[in-house]
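Structure assessment
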Amino acid sequence: MTQLESSTQTIPVVSAVPQHVAVIMDGNGRWANERGLPRVWGHKKGVQAVRDAVRACVELGVSHLTLFAFSSENWRRPPAEVSFLMKLFMRSLRREIKNLADNGVRLRVIGELSAFDQTIQDLVAQGHAGTAAGQRLTLTICANYGGRWDILNAMNGLLAHRAASGIALDAPVLEADLQPFLQLADLPEPDLFIRTGGEARVSNFLLWQLAYTELFFTPTYWPDFDKAAFMAAIASYQQRERRFGRTSAQLVGK
Ligand code: IPE
Ligand code: IPE
Ligand code: MG
């Protein structure tokens, strides 16, 4: 199993262009409301913003883009909105798989997928298979995802592995033991987190993986988040000093 660098175990190598950007795409409903439109129009427009973000990553050389599309708490929304989001997800998967593959994008959908209709699960499997060869960008869509679920799911995976391999269940759990069972185990930790829509919270997104990620919050609603907005987020990232626990003087001395 892949064992990647952990920001709490070793100091990661940092590059000017973030390798991995993780986004909470928020503000679709308010974007629509402010135009006197039904909320779901905002979600439709949001799909276009996803296309723009994917294109921007390919152009800028960001190699991993992780998008929060539907949280484990979003089931609490009105049934009509949930059902619209499911249909939109299906339609987008159907339409985009070939396009993603043609552009060297490898698609991955993570989360508790068993809660979705079989049609969605089949489309996700087709999407994974159809884009597996993509080398330019890994696009991870988080659907029915929750950060706490991810950690608990990994812990359950580790316990099952221990039981199957005859390892004592109460042996101490090290970070490196748990890491391979997390959803993004094979990706570097996000360098940059973006949340659109003005809220300054993490809403149960990548709780484990964001340990040392640079956070960027913008009032721009997701449907308005274009390439220029993406580049502004990256420019802000480039002003940050990523110390990973060290002092500024230690970095200058390097
Ligand atoms: C984000 O936009 C999309 C999803 C959570 C599916 P919202 O739908 O949360 O939009 P606001 O926050 O209500 O404006
Ligand atoms: C977070 O947005 C989830 C997604 C973008 C998919 P929400 O709009 O659901 O977050 P809260 O409920 O305002 O924290
Ligand atoms: Mg919201």
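The coordinates are above.
No experiment lies behind these values; they were computed from the predicted model shown. (Residues numbered from 1 in each chain as written. Chains lettered and ligands numbered in written order. Predicted model: local features only at pLDDT ≥ 70, side-chain atom pairs only at ≥ 80, totals over all residues. Heavy atoms only, no water.)

Counting across every chain of the model gives 12 aromatic pairs. On the numbers, 6.1 Å between centres and 65° between planes, the contact of Phe 225 with Phe 230 is edge-to-face. Look at Phe 225 and you get buried, because its relative accessible area is 2%. Following the ring pairs from residue to residue traces out a cluster consisting of Phe 68, Tyr 145, Trp 149, Phe 193, Phe 205 and Phe 217. (Phe/Tyr/Trp six-rings, centres within 6.5 Å; stacked < 30°, edge-to-face > 60°. Buried < 20%, exposed > 50% of the residue type's maximum accessible area, 1.4 Å probe, protein only.)

In globular proteins that are soluble, nonpolar side chains generally tend to be buried together. Ranked by internal contacts, the top residues of the largest apolar core, which has 42 residues, are Leu 65, Leu 139, Ile 194 and Phe 230. By residue number, the principal contributor to this core is helix H3 (residues 79-102), which donates 7 residues. When residues no more than four places from it in sequence are discounted, the contact partners of Ile 194 are Val 21, Ala 22, Val 23, Ile 24, Phe 216, Phe 225, Phe 230 and Ala 233. In this structure, Ala 22, Tyr 145, Leu 184 and Phe 193 belong to the second largest nonpolar core, which totals 13 residues. (Core = buried A, V, L, I, M, F, W, Y, C linked by side-chain atoms within 4.5 Å. Helix = DSSP H or I, 4+ residues; strand = E, 2+ residues; numbered from the N terminus. Contact = heavy atoms within 4.5 Å.)

Most of strand E4 (residues 137-145) is tucked away, with 9 of its 9 residues classed as buried. Across 7 bridges, the pairing between strand E2 (residues 64-71) and E4 is parallel. Paired with Ser 71 across the bridge in E4 is Tyr 145. (Pairing = 2+ DSSP bridges.)

Bringing the sheet that holds strand E6 (residues 214-217) into the picture now. Read across the sheet, 6 strands follow the order E3-E4-E2-E1-E5-E6 without closing on themselves; strand pairing throughout is parallel. A strand with exactly one partner marks an edge of an open sheet, and here the two such strands are strand E3 (105-110) and E6. The sheet shows a mean angle of 20° between the axes of neighbouring strands, taken without regard to direction. As paired strands, strand E1 (residues 20-24) and E2 are joined by 5 bridges and run parallel to one another. What sits directly across from His 20, in E2, is His 64. Across the face of the sheet, H3 comes into contact with E2, E3 and E4 while running at roughly 155° to E3. (Axes fitted to C-alpha atoms, helices over the stretch in contact; angles between N-to-C directions.)

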